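Coordinate analysis (summary)
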Amino acid sequence: MGSQDVVKLLGVEVSPVSRRVEWALKLKGVDYEYIEEDIFNKSSLLLELNPVHKKVPVLVHGPKAMAESLVILEYIDETWRQNPLLPQDPYERAKARFWARFADEKLLRVAWSALCSLGEEKEKKLKLAVEAAEKIEEEIKGKKFFSGERIGYLDIAMGWMVRWLPVWEEVGSMQIVDPVNFPATKAWMKEFLNHPVIKDNLPPTEKLVLYLHRRSKMLSSNPRG
Amino acid sequence: MGEELKLHGAWISPFVYRVIWALKLKGVPYEYIEEDLSNKSPLLLKYNPVHKKVPALVHAGKPICESMIIVEYIEETWPQYPLLPIDPYERAMARFWVKFAEEKGDAVWALFRTSGEEQEKAMKGTLEMLKTIEEHSPDAKKFFGGDKIGIVDIAFGAIGYWLGVVEELLGVALFEAHAFPRLHAWLKNFTEAPKIKENLPGRDELVVFVRSWRAERLLASQN
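Everything quoted here is computed from the prediction, not taken from an experiment.

Thresholds applied
- Residue numbers run consecutively from 1 along every chain, following the written order of its sequence.
- Chains and ligands are labelled sequentially in the order written, the chains with letters from A and the ligands with numbers from 1.
- Residues qualify for local features only when their pLDDT is at least 70, as the model is predicted, and side-chain atom pairs are given and counted only at 80 or more; totals for whole chains, interfaces and linings, by contrast, use all residues.
- With hydrogens and water set aside, each side-chain value is computed from the structure's full complement of heavy atoms.
- In this text, helices come from DSSP runs of H or I with a minimum length of four residues, and strands from runs of E with a minimum of two, each type numbered from the N-terminal end.
- Exposure categories follow from relative accessible area, calculated using a 1.4 Å probe and restricted to protein chains: below 20% of the type maximum is buried, above 50% is exposed, and the middle band is partly exposed.
- The criterion used for residue contact is that any of the two residues' heavy atoms lie within 4.5 Å.
- Exposure was quantified through the Shrake-Rupley algorithm and a 1.4 Å probe, taking into account, for residues, occlusion by the shown protein chains and nothing else.
- Strands were regarded as paired on the criterion that DSSP finds at least two bridges between them.
- All axes are obtained by fitting lines to C-alpha atoms, using only the stretch in contact for helices, and the reported angles, taken between N-to-C directions, cover 0 to 180 degrees.
- UniProt positions are given in the numbering used here, feature names are shortened, and annotations may be inferred rather than shown by experiment.
- When a carboxyl oxygen of Asp or Glu is within 4 Å of a side-chain nitrogen of Lys or Arg, the pair counts as a salt bridge.
- Marked domain ranges trace back to an automatic or database domain assignment.
- Here the buried area means the combined drop in accessible surface, using a 1.4 Å probe, for two parts upon being joined, counting both sides.
- Here, nonpolar core refers to any group of buried Ala, Val, Leu, Ile, Met, Phe, Trp, Tyr and Cys residues whose side-chain atoms link them within 4.5 Å.

Points about the overall build of chain B
The helix and strand inventory of chain B stands at ten helices and four strands. If you line up chain B on its principal axes, its C-alpha atoms span 50 × 45 × 30 Å. When the 223 residues of chain B are sorted by exposure, 51% land in the buried category. Put simply, of all contacts in chain B between residues at least 6 apart along the chain, 70% involve residues at least 24 apart. About 10700 Å² of surface is accessible on chain B, with carbon and sulfur atoms providing 54% of the total.

What follows is the structure, encoded as structure tokens:
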């Protein structure tokens, strides 16, 4: 496909991973049409375009559709070459991929799981989430952004932390990234939030809270989820 | 790149073999260091402080961890025998399936570690994974990579071969030819490809090892 072909993005406003793709497209100045999916009532289009996972985000470029937010980020970087997201050097690229994956598996997934758990299970998961956050704190020490002086792939991957994590902490009555033990992470969160592309591109806190309450109500009335 | 290349691995590890296959297909020479997983070397712990696992590839003193991330590093550093297509969309498709293998492959690894209800769950997960790949993955020519082995073959190949090991161990048939004809044909092509065939751990040896490892674990958990 030429980089001139129509770009569409199927996303969900409250999704921490679907937002990543919007940030990447905006950073590169790529025009796209956004289609908001109803998370409680997925469209036939979504089910057709991502039959394997039936999830957002799905990027459609011309006739082709692709899924998995981090995979989409790499596609965007390879298709539109301005404002590179990933570093050039293979070793630095490997490190960026490593930390993006680590954060997704050991922090995002675990923090969400802690939010959805109770009692001892919750305590266990919280402990694991904090351990993961500690490793990430070491990574961001002394850096403005994870990618260096400019925002990049790893910042986009971690970006959910600036809006979704505080909401999960509040709603879940739990603390993972506190200002005393995570000064570098907190400083990065401030820088990231202040970035012109990011600050106008975040879901309102209230919307996230509303979604979490709605979801929890649905799950308690239908435990199969 | 004429710099020193070392791979810390363990002969029983499917993740290590993914890296070996990538290096062998590209004809890249390296030094292999066998790790005792019950007594990991200080070097391994230094090179992979976050996960403390094999494989760890060390290139001119710089460590790279996580099997498929290592394979992408190898791909970007040594361009001969490309493992990824050139077209960005085809690359995105390949990476999608690599991620799928990384996520859903967990069910297969769980079969080795678990028993009872947890193992039942892992069997269900394994069957679902196989069904999805059989139904949704792009038409494999000879390989997922086309006429030559690619990154998706490497990702799935480890799962496929080790699945055979755990089936023999547990005396179950999960990956049946009549249920998964495409995948069966693909695995045969993969395991018979010269560079792969020469670089596979013996199935019998693996079964013996895993059998005794499971017995030890069971004993330890009872005490």
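Focus on the sheet that holds strand 4 (residues 64–67) of chain A
Residues and elements named next belong to chain A. Strand order in the open sheet made by the four strands is 2-1-3-4, with mixed pairing throughout. One side of each edge strand has no neighbouring strand; the edge strands of this open sheet are strand 2 (33–36) and strand 4. Here the strands of the sheet are splayed against their neighbours by 20° on average, with no regard to which way each runs. Pairing of strand 1 (residues 7–11) with strand 3 (residues 58–61) involves four bridges; the strand directions are antiparallel. When the sheet's bridge partners are listed, Lys 8 is paired in strand 3 with Val 60.

Brief notes about the sheet that holds strand 1 (residues 5–9) of chain B
Residues and elements named next belong to chain B. As summarised here, the arrangement of the four strands in space is 2-1-3-4, forming an open sheet in which the pairing is mixed. Of all the strands in the sheet, the pair left with one neighbour each is strand 2 (31–34) and strand 4 (62–65). Each strand axis lies, on average, 20° off the axis of its neighbour in the sheet, ignoring direction.

Quick look at the UniProt feature "domain: GST N-terminal" (unreviewed entry) in chain A
Taking the UniProt record as the reference, the feature "domain: GST N-terminal" (unreviewed entry) is found at residues 5–84 of chain A. What you have in residues 5–84 of chain A is 34% helix and 21% strand, and the ends, taken at the C-alpha atoms, are 20 Å apart.

Considering the pattern of salt bridges
Counting across every chain of the model gives 27 salt bridges over all chains. The salt bridge involving Lys 99 of chain B is made with Glu 68 of chain A; its shortest N-O contact spans 3.0 Å. Taken as a pair, Lys 99 of chain B in helix 4 (residues 88–104) and Glu 68 of chain A in the loop between strand 4 and helix 3 (69–79) lie in two separate chains rather than in one. Its relative accessible area of 24% is what places Lys 99 of chain B among the partly exposed residues. On the basis of relative accessible area, Glu 68 of chain A is assigned to the buried category, the value being 16%. Among the ionic pairs, Arg 95 of chain B bridges to Glu 78 of chain A, the shortest N-O distance being 3.1 Å. Of this pair, Arg 95 of chain B sits in helix 4 while Glu 78 of chain A sits in helix 3, placing the two residues on different chains. Assessed through its relative accessible area of 6%, Arg 95 of chain B is described here as buried. Taking relative accessible area as the criterion, Glu 78 of chain A reaches 15% and is therefore assigned buried.

Some thoughts on the domain arrangement of chain A
All names here are of chain A. Under the domain assignment used here, chain A contains domain 1 (3–79) and domain 2 (90–219). Here the C-alpha centroids of domain 1 and domain 2 sit 21 Å apart. Counting from both sides, the interface comprises 17 residues of domain 1 and, opposite them, 27 residues of domain 2. Across the interface of domain 1 and domain 2, roughly 2000 Å² is buried in total on both sides, 68% from carbon and sulfur atoms. Where domain 1 touches domain 2, the interface holds three salt bridges. A salt bridge links Glu 13 to Lys 207, with the shortest nitrogen-to-oxygen separation between them at 3.2 Å.

Observations regarding the nonpolar core
Among the nonpolar cores identified, the biggest contains 155 residues, and Leu 25, Leu 59, Ile 176 and Trp 188 of chain A together with Phe 156 of chain B are the most heavily contacted of them. Counting residues per element, this core draws most heavily on helix 4 (residues 90–115) of chain A, which supplies 14 residues. When neighbours within four sequence positions are excluded, Trp 188 of chain A is seen to be in contact with Ile 140, Lys 144, Phe 145, Phe 146, Asp 155, Met 158, Gly 159, Met 161 and Val 162 of chain A.

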